[in-house]
Amino acid sequence: MNRRGFTALAIGSVLTLAAVVAATAPGPAQTARLSFVIDTGPTGGTYFPIGEAIAGIVSHPPGIVRCDVADACGPLGLIASARSSAGTIANVLDVNSRRADAALAQSDVVADAIAGKGAFKTKQTHIRLMADLFPEEVHLVAAKAAHIRGVADLKGKRVSIGDASSGTIVTAHAVLAAWRLPETKLKVSRDPADVAADELAHGRIDAFFFTGGAPVGLVSDLIASGKAVLVPIDGAGRQRLIAARPGLGADTIAADVYPGGVAVPTVSVRAVWIVSDEVPADVVHGVLKALFNLANRGALDASHASAKYIRLDNALADRPAPLHPGAAAYFREMGKTVGSGR
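Residues numbered from 1 in each chain as written. Predicted model: local features only at pLDDT ≥ 70, side-chain atom pairs only at ≥ 80, totals over all residues. Heavy atoms only, no water.

Scanning the entire structure with this criterion turns up 16 salt bridges. For Lys289, the salt bridge identified is with Asp71, shortest N-O distance 3.8 Å. Taken together, the positions of Lys289 in helix H9 (residues 281–291) and Asp71 in the loop between helix H2 (47–58) and strand E2 (78–83) put the pair 218 residues apart, joining distant regions of the chain. With relative accessibility at 27%, the residue Lys289 sits in the partly exposed group. Accessibility expressed as a relative area gives 38% for Asp71, which makes it partly exposed. (Salt bridge = Lys/Arg side-chain N within 4 Å of Asp/Glu carboxyl O. Helix = DSSP H or I, 4+ residues; strand = E, 2+ residues; numbered from the N terminus. Buried < 20%, exposed > 50% of the residue type's maximum accessible area, 1.4 Å probe, protein only.)

Okay, here's the thing in structure tokens:
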């Protein structure tokens, strides 16, 4: 699907929600509407379906029956929408500048943003944490015909390292550095994941990186078609990678995740939910109450396999940014140790 298709799909989701609101909402004098925009990622990745599910769960148009259950929806009048994006870097910049209210993002890139390093020239001072969500694995996807069996085999190959505004490109750079492979030794492109998958399917590139909670739809399709395989990220290179990038940890993509039944060693990072510090504390508090309400467990689990990890017990596992005051209040109510720092 091309970029125009992504935009149409994202806009269609917002318009559908708007139609529901228009059909059910009372007059504006009765209930104020509060827009809550959530940046996600490419439509073929993990962030978009989970972001759509979260937006549906926390929205609270007047007259919606499921919201009659206590704390099953966000604050009354909240209309959340999931917006497709290039990925983590773009999401962080959007939230920091309030072009989006909240976003899903890689925890290691968020830590860079807070520190003002890596892809960020200055500290991103308006980023706050709502919750840790789920692990996301680094996928190195290669054309079967390219005979790439390890990261070292990327030398001289046509490799997409991710969109310049994505978290994937940050991780790809770290992987290549750990294997001491400068970009000059590869034929590099910087395509969005959906475009890279299409390029690989048509034989125009040999491999691409993508960071996302498995299974990633666009990766599943390529493997199922017999055109692609997953390449291990392991050995001494992985040890160097983890030492250089503390936000990454050793992981394995299980054998039952993708067609073919092969377990693949890799690394993973955490996906977190960030929010602007300008969003009111009561809104963040109410949104988290809805997200972790057991009445919404089924809707969350149905969105994507990675959503099963979105649990209250894991919500403070990784804290790359200061907690939003509304989030801190919620977690204290739930008996969690919040502390004063990150």
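Glancing now at the nonpolar core. Within the largest apolar cluster, 103 residues are counted, with the highest numbers of intra-cluster contacts made by Leu154, Phe208, Phe209, Trp273, Leu288 and Phe331. In terms of residue count, the dominant contributor to this core is strand E4 (residues 127–143) (11 residues). Discounting chain neighbours no more than four positions away, the residues touching Leu288 are Met130, Ala131, Trp273, Ala327, Tyr330 and Phe331. (Core = buried A, V, L, I, M, F, W, Y, C linked by side-chain atoms within 4.5 Å. Contact = heavy atoms within 4.5 Å.)

One can find Gln106 in strand E3 (residues 102–106). Overall, Gln106 belongs to the buried group, its relative accessible area being 2%. Polar side-chain contacts of Gln106 include one of 3.2 Å to the side chain of Thr171. Setting aside residues no more than four positions away along its own chain, Gln106 makes contact with Tyr47, Thr88, Glu136, Gly167, Thr168, Thr171, Thr211, Val269 and Arg270. (Polar contact = N/O pair within 3.5 Å; in protein donor to acceptor, adjacent residues only side chain to side chain.)

Before going further, it helps to examine the side chain of Ser107. Relative to the elements of secondary structure, Ser107 occurs in helix H4 (residues 107–115). If we skip the residues at most four places from it in the chain, Ser107 touches Val269, Arg270, Val272, Asp318 and Pro320.

Moving on to the packing of aromatic side chains. All chains considered together, the criterion is met by 4 aromatic pairs. With a centroid separation of 5.3 Å and an interplanar angle of 65 degrees, the aromatic rings of Tyr330 and Phe331 are classed as edge-to-face. Ring-pair connections join several aromatic residues into one group, and the members of that group are Phe292, Tyr330 and Phe331. (Phe/Tyr/Trp six-rings, centres within 6.5 Å; stacked < 30°, edge-to-face > 60°.)

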